[in-house]
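If you want the building blocks of each chain, they are given just below.
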Amino acid sequence: MEVKVLINSPQKDSDIMYATGYSCLDPIAVIDVDSEIYGFFPSTEIGRASKNSRCRECLNLTQLGAKLSHPVGGAVLKWLQSHGIHKISVPYSFPVAEADFLRSNGVEINSVRHFYPERSVKREDEIEKIREVSKKNAEVMDCVKTLLAECGVNAKGELVHRGAVLTSEDLQNYIFEAFLHRGLQADSVIAAAGDQACDPHENGHGAIHEKEAIVVDIFPYSRINHYYSDMTRTFCKHKAPQALQEIYDAVKEVQIDTLSKVKNGADGKSIHREVQNFFISRGFETCSTGNELYGFFHGTGHGVGLDCHEEPRISSGGSILHSGEVVTVEPGLYYRERGAVRIEDLVVVRDDSAEILTEYEKQLVVD
């Protein structure tokens, strides 16, 4: 018998959301006994959880922990003891204080890095949820392109929208608003231009200029079904400088080629290595050590589901891909004073090919 215990807010721990099918802000406790789920919910959540969660039994955590010096851990301990359970598995994210309490009361704890490894292979209903978010995400990206097309340019080369200089912050706020109207949400988005885009996770700030790369990476989740999507496009207002266009053409070519290699049984390490070799063959050097990174220095892709970044990986530490996994394909090149480009699609690994969920054009220049 395998007994798993989780304690956290479902909104902060996707394993809890996966186990219970339930989302709330307040911390809850979950005991998983051979996939039979027992949920401990505060009184403010117990009614809704009883109707909407996948739990076999929902217990009132407020009531059970009311007279205990250690309310959450104490309620879990009493349940474990009443069922004769003395050994449990917990995720790496398990609260230290709760672990110390349980250990001090005779519970043996085994910490597990990948708590629900089966999460990487998605059910068809999960894929449909991700497909729905991806469709809406593509609509938002098209709104971004439309806004850039509407922009004029002032004497300083800055983009101007409705009489005001367009900044990265403006573009990010515009994206957040577009998410809101589609039932999507995100903690952050990337709209980084020029040399800022050479730091792949730089959100971007300040004025956006014509004839420079604008990397837009948007990764919202649905406020209804809680699944993520992830896509990136690179734009340039007006004709791109030759160096930027060459970088873009190389990234686009290898990105499209890599999509054709994603299928059941493919090796994530080998796919990543082929992308690296392609860039080397085209003369695009990479420095992946120290503080001044350039070239292609990140992974080719990652899994997406209830987290934006989850297993599997298409990278130097990647693994064999399996049908039903949902992964990104996102090579990129980054050179200060030359240009930065990343193109990212979301796909489902199928038996003989990749099913592309990100149905949106790949075009650099916006006039």
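Please read these numbers as outputs of a predicted model, since none were measured by experiment.

Within this structure, the stated rule accounts for zero disulfides. No disulfide involves Cys55; its nearest neighbouring cysteine sulfur is the one of Cys58, lying 4.4 Å away.

For Arg119, the location among the structural elements is in the loop between strand E6 (108-112) and helix H6 (124-150). Residue Arg119 is classed as buried on the basis of its relative accessible area of 9%. Within the local environment of Arg119, its side chain forms a polar contact with the side chain of Asp307, the two groups lying 3.4 Å apart. Within the structure, Arg119 has its side chain in polar contact with the side chain of Glu310 (distance 2.8 Å). Excluding its chain neighbours within four sequence positions, the residues that come into contact with Arg119 are Ser14, Asp15, Tyr18, Leu306, Asp307 and Glu310.

A separate point is helix H2 (residues 43-52). Taken together, the buried positions of H2 are Glu45, Ile46 and Ala49. Angular distribution of buried residues about the axis of H2 spans 115°; they occupy a single face of the element. With respect to the buried face of H2, the exposed residues turned more than 90 degrees away are Thr44 and Lys51. Packed against the buried residues of H2 are strand E3 (36-41) and strand E4 (57-60).

The next thing to look at is the pairing of strand E18 (residues 332-335). The two faces of the sheet receive side chains in turn, since in a regular strand these alternate between them. Residues Gly332 and Tyr334 point to one face of E18 and Leu333 and Tyr335 to the other, with burial holding for every one of them. Note: E18 against strand E19 (residues 339-342), four bridges, orientation antiparallel. Considered in E19, the bridge of Leu333 is made with Val341. The turn linking E18 back onto E19 is made up of three residues, and Glu337 within it adopts a positive phi angle of 70°.

Membership of the largest hydrophobic core comes to 36 residues, with the highest contact counts inside it found for Phe41 and Val326. Going through the elements one at a time, helix H1 (14-20), strand E2 (28-33), E3, H2, H6, strand E11 (190-193) and strand E20 (345-349) are the ones with two or more residues in this core. Ranked by residues supplied to this core, first place goes to H1 with four residues. Ignoring sequence-local partners within four residues, the contact set of Phe41 consists of Tyr22, Ile28, Ile46, Ala49, Cys55, Cys58, Leu59, Asn60, Leu61 and Thr62.

Moving on: the packing of aromatic side chains. In this structure the tally under the stated criterion is 11 aromatic pairs. Look at Phe278 and Phe279: their rings are 5.8 Å apart centre to centre, the planes differ by 65°, and that puts the pair in the edge-to-face class. Taken individually, Phe278 and Phe279 each receive the classification buried, so the pair is uniform in this respect. Plain terms: the ring middles of Phe279 and Phe296 are 5.4 Å apart, the flat faces sit at 65° to each other, and that makes the pair edge-to-face. Taken together, the residues span a long stretch of sequence, with Phe279 in helix H9 (residues 268-281) and Phe296 in the loop between H9 and strand E15 (301-303) at a distance of 17 residues. Note on Phe279: relative accessible area 1%, which makes it buried. For Phe296, a relative accessible area of 4% corresponds to the buried category. Cluster of aromatic residues (ring-pair linked, three or more members): Phe278, Phe279, Phe284, Tyr294, Phe296 and Tyr335. Residue placement shows Lys4 over the ring face of Phe115; its charged tip is 5.2 Å from the ring centre. Over the aromatic face of Tyr335 sits the side chain of Arg338, whose NZ or CZ is 4.4 Å from the ring centroid.

Turning our eyes to something else, we now look at the layout of surface pockets. In this structure, the largest pocket occupies an estimated 420 Å³ of space. Put simply, the parts of the chain that give the lining of the largest pocket at least two residues each are H1 and strand E16 (310-314). The element that contributes the greatest number of residues to the lining of the largest pocket is E16, accounting for four residues. When its residues are assigned to classes, the lining of the largest pocket shows five nonpolar, six polar and nine charged.

The next subject is the environment of Val215. Within the secondary structure, Val215 sits in strand E12 (residues 214-218). With relative accessibility at 2%, the residue Val215 sits in the buried group. Sequence-wise, Val215 and Ala75 are 140 residues apart; in three dimensions their C-alpha atoms are separated by 49 Å. Excluding anything up to four places from it in sequence, Val215 contacts Ile190, Ala191, Ala192, Ala197, Thr232, Arg233, Thr234, Ala340 and Arg342.

Time to look at the side chain of Lys145. Take Lys145: it is sitting in helix H6. Its relative accessible area of 16% is what places Lys145 among the buried residues. Ignoring anything within four residues of it in the chain, the contact list for Lys145 reads Phe235, Tyr360, Glu361, Gln363 and Val366.

Here the focus is helix H8 (residues 242-259). For H8, which comprises 18 residues, the first-to-last C-alpha distance of 26 Å matches the rise-based estimate of 26 Å (1.5 Å per residue) to within 8%. Three or more residues of H8 are buried, namely Leu244, Ile247, Tyr248, Ala250, Val251, Val254, Gln255, Thr258 and Leu259. Considered in projection along H8, the buried side chains sweep an arc of 165° and stay on one side of the axis.

Here four strands make up an open sheet; going across it, the order is E11-E12-E14-E22 and the pairing mixed. Every interior strand has two partners, whereas the edge strands, E11 and strand E22 (365-366), have only one. For E11 and E12, the ladder comprises four bridges, and the chain directions are antiparallel. Looking across to E12, one finds that Ala192 is bridged to Val215. Helix-sheet contacts for helix H7 (residues 168-180) involve E11 and E12, and the interaxial angle to E11 is about 155°.

Rules used throughout
Residues numbered from 1 in each chain as written. Predicted model: local features only at pLDDT ≥ 70, side-chain atom pairs only at ≥ 80, totals over all residues. Heavy atoms only, no water. Disulfide = S-S within 2.5 Å. Helix = DSSP H or I, 4+ residues; strand = E, 2+ residues; numbered from the N terminus. Buried < 20%, exposed > 50% of the residue type's maximum accessible area, 1.4 Å probe, protein only. Polar contact = N/O pair within 3.5 Å; in protein donor to acceptor, adjacent residues only side chain to side chain. Contact = heavy atoms within 4.5 Å. Arc of directions from axis to C-beta. Pairing = 2+ DSSP bridges. Core = buried A, V, L, I, M, F, W, Y, C linked by side-chain atoms within 4.5 Å. Phe/Tyr/Trp six-rings, centres within 6.5 Å; stacked < 30°, edge-to-face > 60°. Lys NZ or Arg CZ within 6 Å of the ring centre and 35° of its normal. 1 Å grid on protein atoms, 1.4 Å probe; cavity = no way out; pocket = protein on both sides within 12 Å on 5 of 7 lines; lining within 4 Å. Points joined across faces, edges and corners; volume = space filled by probe spheres on them. Nonpolar A, V, L, I, M, F, W, Y, C, P; charged D, E, K, R; others polar. Expected span 1.5 Å × (residues − 1). Axes fitted to C-alpha atoms, helices over the stretch in contact; angles between N-to-C directions.

Honestly, that's just the spatial picture; any functional story needs more than this.
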